[in-house]
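Residue strings, one per chain:
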Amino acid sequence: MPLTAKDDRDLLLRLTTTTDPATLLDLAADLLSIRGHTQIRITDGPGDGARDLHSIDDTGNLHVTQCKYHRDSNLTVSSRELAELPIALSKFDCVRGLFLTNANISPQGKREYLNDYPRLDLDFLDGLSLIRELRVDPFLNARWVEGDGTSWNFTITFPFIVRRHSDDFPILPQLSVGPDSFVSAVSGLRKILH
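Residues numbered from 1 in each chain as written. Predicted model: local features only at pLDDT ≥ 70, side-chain atom pairs only at ≥ 80, totals over all residues. Heavy atoms only, no water.

The next subject is the sheet that holds strand 3 (residues 62–68). In space, the 5 strands of this open sheet follow the order 1-2-3-4-5, with mixed pairing throughout. Because the sheet does not close on itself, it has two edges, and the strands there are strand 1 (38–42) and strand 5 (121–125). Ignoring strand direction, the axes of neighbouring strands in this sheet form an average angle of 15°. Bridge count for strand 4 (residues 96–101) against strand 5 is 5 bridges, and the pairing is parallel. Counted as the bridge partner of Phe99 is Phe124 from strand 5. Here helix 4 (residues 107–115) sits on the sheet and contacts strand 4 and strand 5; the angle it forms with strand 5, its principal contact strand, is near 155°. Where helix 5 (residues 127–136) meets the sheet, it contacts strand 4 and strand 5, and its direction lies at approximately 85° from that of strand 5. (Pairing = 2+ DSSP bridges. Helix = DSSP H or I, 4+ residues; strand = E, 2+ residues; numbered from the N terminus. Axes fitted to C-alpha atoms, helices over the stretch in contact; angles between N-to-C directions. Contact = heavy atoms within 4.5 Å.)

Written out as structure tokens, the structure is:
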């Protein structure tokens, strides 16, 4: 069942109430990891040089991420807040960066952010686009959309078919596999195969 824009707004409100400035950094680190970044370091705090995270992106280049949390996700990020990332990039001789916020970035702010710094490769995720990106990835969805970021329930199912080698017919074991019976299920399959 597809989600509607209202569902996304409700999910953004829930995310805003279950996160804070510190957990938004954890969310950003998870997002960067899913995007293929390595050596992700949270550097938020005094003396961070206007960078909250730095990492090595999937092309092997230094990448800086700036996060801005707002208690009200309906607020709009200021141009001054957006300008912090290009300043950080120039300090660290870096050209790639991400500005991530749970609030909104106005269309004019987005245009200025992208057009005023033509030598920089800038990206942004704000409010609803952040929620939509989190929903697409099953791990991010489980932790940040369905969970509260600190604890989450996650189950992975690996379907398989066991076949006899001699005649290539499937073996249909009468097994019920639950989280506590995995070892007994595997030993049951071994008995059937031998």
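A separate point is the packing of aromatic side chains. Following the criterion strictly, the structure yields 2 aromatic pairs and no others. Here Tyr113 and Phe124 contribute two aromatic rings whose centre-to-centre distance is 6.0 Å and whose plane-to-plane angle is 70°, an arrangement assigned as edge-to-face. Of this pair, Tyr113 sits in helix 4 while Phe124 sits in strand 5, and the two are 11 residues apart along the sequence. In this structure, Tyr113 and Phe124 share a single accessibility class: buried. (Phe/Tyr/Trp six-rings, centres within 6.5 Å; stacked < 30°, edge-to-face > 60°. Buried < 20%, exposed > 50% of the residue type's maximum accessible area, 1.4 Å probe, protein only.)

Right, let's get into the packing of helix 1 (residues 5–18) against helix 5. Here helix 1 crosses helix 5 at 95°, and the two axes come no closer than 9 Å. Here helix 1 lies roughly perpendicular to helix 5, going by the angle between them. Of the residues in helix 5, those touching helix 1 at Ala5, Asp8, Arg9, Leu11, Leu12 and Leu15 are Gly127, Leu128, Leu130, Ile131, Arg132, Leu134 and Arg135. Looking at the contact of helix 1 with helix 5, its residues break down into 8 nonpolar, 1 polar and 4 charged. (Parallel < 35°, antiparallel > 145°, perpendicular 65-115°, else oblique. Nonpolar A, V, L, I, M, F, W, Y, C, P; charged D, E, K, R; others polar.)

This next bit is on the pattern of salt bridges. Applying the stated rule across the entire model yields 11 salt bridges. A salt bridge links Lys110 to Asp126; the shortest N-O distance between them is 3.6 Å. Of this pair, Lys110 sits in helix 4 while Asp126 sits in the loop between strand 5 and helix 5, and the two are 16 residues apart along the sequence. A residue is classified by how much of its surface remains accessible, and Lys110, at 25% relative accessible area, is partly exposed. Asp126 sits in the buried class, given a relative accessible area of 6%. Linked by salt bridges that have partners in common, Asp8, Arg132 and Arg135 make up one network. (Salt bridge = Lys/Arg side-chain N within 4 Å of Asp/Glu carboxyl O.)

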